[in-house]
Amino acid sequence: MDQALAKDQVVSIVGAGAMGSGIAQLVAAAGHRVRLLDTSASAVDQAIAGVQRAFAQLVGKGKLDAAAASAAAARLLPATRITELADSGLVIEAIAEDLAAKQQLFRDLEALVSPACLFATNTASLSVTAIAAALQSPERLAGLHFFNPAPRMPLVEVISGLATDARLAETLCATALAWGKTPVMARSTPGFIVNRIARPYYGEALRLLTEGAADAATLDAIFREAGGFRMGPFELMDLIGLDVSLAVNKSVWSAFFNDPRYAPSLLQQELVAAGFLGRKSGRGFYRYGEGAPELPARSLPMRAFPCAVQIFADGPPASALSSRLRTLGLPFHRADTSPDGRFAEAGGAALYVTDGRPASERAARKGVSNTVLVDLALDYGRATRLAIATAEQCSQAAADAAVGLLQGAGFMVSQLADVPGLAVMRTVCMLANEGADAVNQKVCDATAVDQAMRLGANYPLGPLAWAEQIGLRRVRRVLANLAASYGEDRYRISPLLARKVFSGKPFHG
């Protein structure tokens, strides 16, 4: 890797909004003189004052030495004209997502700064190749995509356009590392890594809500308390802004020539049309503000623990269930082999982990009317909630017994409608499939996929590592069953995932 940008080099940032000011804070703290430029002089003044307050807060919390904070603040310099950026060693653009405006800015800069000055764009959705195409020397520009808030979020995507010099990308990686960030390298394609691979987290949740699988609060709780995600998809969209989330989705969908995998949601579009944009408007999937009602997750009422419980084999759900029941002193029997993949029986109910088919279909094909499907959990031993679906053929007594078993083991149980793949399983499999496709299309490598989604989206596991934990063959089967259930190309299996299944080789190693 090339050396990082020298500390005596001036770093200029164009755009004094939340992202630009956050980058300015980071770079000044790292030891560079920073020039901050915006079309609005008051925006620059506000940004610098905000950075100074942020430094003061860090000092107050004991996270930054007072002398270091004072020195960092002194390195942050306002600029009122583009000509003041002439001595820059690196210019980072963080203006509005408008291709023509970004191209014009870099044309103006190219005529002003030295040929050795490096150019970086913080674009989240536009083509780095297209931005660089406006330059006489397009090889000098790359993407340097920070995540908000830039001083705290550890990830930086370093994006190479078709013309980007490989050494520039290496230098930006080394520089981001010197600034305390974790850089990942990617090729310029729609959404780069995080904004592309994250699409199913929102898309599958919106489908589940549209299909009446459960309400938003219940689905969010399932993703948090079973899936281990920090925030559920609906509360996260409300935080981001439904208009912003929809715009990103439409941008990725359009850039991929309306690939159904990224198709926007009509439900989200309706909410945006109504002005229900999330926290910033006081209403999205939830209501906000004084007097706004809280929407609790729905859990099934307590059922009696069944008289006869049998647990099969040693897979994750069976092992965790056995351990929980043993700890609580509840009776059960163990069997070494399962007749058909079920992991437990209770009161006539057969419990299976979902394989992507609806419970009613699986019951019919297996000839087991009392079929109860259980969703994926990140860790069945630590999860506090599980989602289930029951076949329409299942008797109420059998369903109650299955629920009583899971509740007795300490789970809150949320009932979903009989949708294919339930919630966490279908979403994680789609995230893994998207990650595999990004690797297959040479956007990045498998390590970058997992690092980016853990550090840039706060996922509990990287999607490809998670797929390996589930079992690649099972992931492929879930996707195939989803495709069969919906009859849509949306669920097509990545060729790389299929090859890994057939070869028995992991994504990593």
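Attention in this report is confined to the structure presented alongside it. Computed from a predicted structure; not experimentally measured.

### Section: the side chain of N433
- If you trace the backbone, N433 turns up in helix α16 (residues 424-440).
- The class of N433 is buried, set by a relative accessible area of 0%.
- Engagement of the side chain of N433 in a polar contact is seen with the backbone nitrogen of S494, the distance being 2.8 Å.
- Those residues in contact with N433 that sit more than four places away from it in its chain are R261, L479, R492, I493, S494 and L497.

### Comments concerning the pattern of salt bridges
- Going through the model one piece at a time under the given rule, you end up with 23 salt bridges.
- For D355, the salt bridge goes to R362, with nearest N and O atoms at 3.6 Å.

### A word on the sheet that holds strand β11 (residues 344-346)
- Strand order across the open sheet formed by 7 strands is β10-β9-β11-β12-β13-β14-β15, with mixed pairing between neighbours. For this open sheet the edge positions go to β10 (333-335) and β15 (412-415), each flanked by a neighbour on one side alone. In this sheet, adjacent strand axes meet at a mean angle of 30° when their direction is disregarded.
- Summarising the sheet, strand β13 (residues 371-374) and strand β14 (residues 385-390) pair through 3 bridges and their orientation is antiparallel.

### Side note on the environment of M412
- In this structure, M412 sits in strand β15.
- Separated by 190 residues in the primary sequence, M412 and I222 place their C-alpha atoms 9.7 Å from one another.
- Not counting residues up to four positions away in its chain, the partners in contact with M412 are E225, S299, T384, R385 and L386.

### Regarding the environment of F229
- Looking at where F229 falls in the secondary structure, it is placed in the loop between α9 (216-225) and α10 (233-240).
- Each C-alpha atom of the pair F229 and Y459 lies 5.8 Å from the other, and the pair is 230 residues apart in sequence.
- Those residues within four positions of F229 in sequence are excluded, and the remaining contacts are Y201, F223, R224, V428, L431, Y459, P460 and W466.

### Describing the packing of helix α8 (residues 199-210) against α10
- Where α8 meets α10, the axes come as close as 9 Å, and the angle between the chain directions of the two elements is 115°. Considered as vectors, α8 and α10 are oriented roughly perpendicular to each other. Crossing hand, α8 versus α10: left-handed. Across from Y201, Y202, A205, L206 and L209 in α8, the residues of α10 making contact are P233, F234, L236, M237 and I240.
- When its residues are assigned to classes, the contact of α8 with α10 shows 10 nonpolar, no polar and no charged.

### Thoughts on empty space enclosed by the protein
- Applying the stated criterion across every chain, the model contains 2 cavities of 30 Å³ or more.
- Looking at the largest cavity, its volume works out to about 90 Å³.
- A breakdown of the residues in the lining of the largest cavity according to their chemical character gives 7 nonpolar, 4 polar and 4 charged.
- As a volume, the second largest cavity reaches approximately 40 Å³.
- Together, P317, A320, L321, F343, Y380, L386, L406 and F411 line the second largest cavity.
- In terms of residue count, helix α13 (residues 316-328) provides more of the lining of the second largest cavity than any other element does, 3 residues in total.

### With respect to the packing of aromatic side chains
- Under the criterion given, the structure shown has 11 aromatic pairs.
- Here F229 and Y459 contribute two aromatic rings whose centre-to-centre distance is 5.2 Å and whose plane-to-plane angle is 90°, an arrangement assigned as edge-to-face. Here the residue F229 occupies a position in the loop between α9 and α10, and Y459 occupies one in the loop between α17 (446-456) and α18 (463-470), the gap between them amounting to 230 residues.
- With a centroid separation of 4.8 Å and 65° between ring planes, the pair formed by F234 and F285 is classed as edge-to-face. With F234 in helix α10 and F285 in the loop between α12 (266-273) and β9 (309-312), this residue pair connects regions lying 51 residues apart in the sequence.

### Structural notes on unusual backbone geometry
- In this model, N148 is joined to P149 through a cis peptide bond whose omega is 0°.
- If you check the backbone angles, F257 has positive phi at about 55° while not being a glycine.
- Here F257 is to be found in the loop between α11 (242-255) and α12.
- The class of F257 is exposed, set by a relative accessible area of 77%.
- Positive phi, close to 60°, is recorded for N458, a residue that is not glycine.
- Looking at where N458 falls in the secondary structure, it is placed in the loop between α17 and α18.

About the thresholds
- Residues numbered from 1 in each chain as written.
- Predicted model: local features only at pLDDT ≥ 70, side-chain atom pairs only at ≥ 80, totals over all residues.
- Heavy atoms only, no water.
- Helix = DSSP H or I, 4+ residues; strand = E, 2+ residues; numbered from the N terminus.
- Buried < 20%, exposed > 50% of the residue type's maximum accessible area, 1.4 Å probe, protein only.
- Polar contact = N/O pair within 3.5 Å; in protein donor to acceptor, adjacent residues only side chain to side chain.
- Contact = heavy atoms within 4.5 Å.
- Salt bridge = Lys/Arg side-chain N within 4 Å of Asp/Glu carboxyl O.
- Pairing = 2+ DSSP bridges.
- Axes fitted to C-alpha atoms, helices over the stretch in contact; angles between N-to-C directions.
- Parallel < 35°, antiparallel > 145°, perpendicular 65-115°, else oblique.
- Left-handed = near helix turned anticlockwise from the far one by under 90°.
- Nonpolar A, V, L, I, M, F, W, Y, C, P; charged D, E, K, R; others polar.
- 1 Å grid on protein atoms, 1.4 Å probe; cavity = no way out; pocket = protein on both sides within 12 Å on 5 of 7 lines; lining within 4 Å.
- Points joined across faces, edges and corners; volume = space filled by probe spheres on them.
- Phe/Tyr/Trp six-rings, centres within 6.5 Å; stacked < 30°, edge-to-face > 60°.

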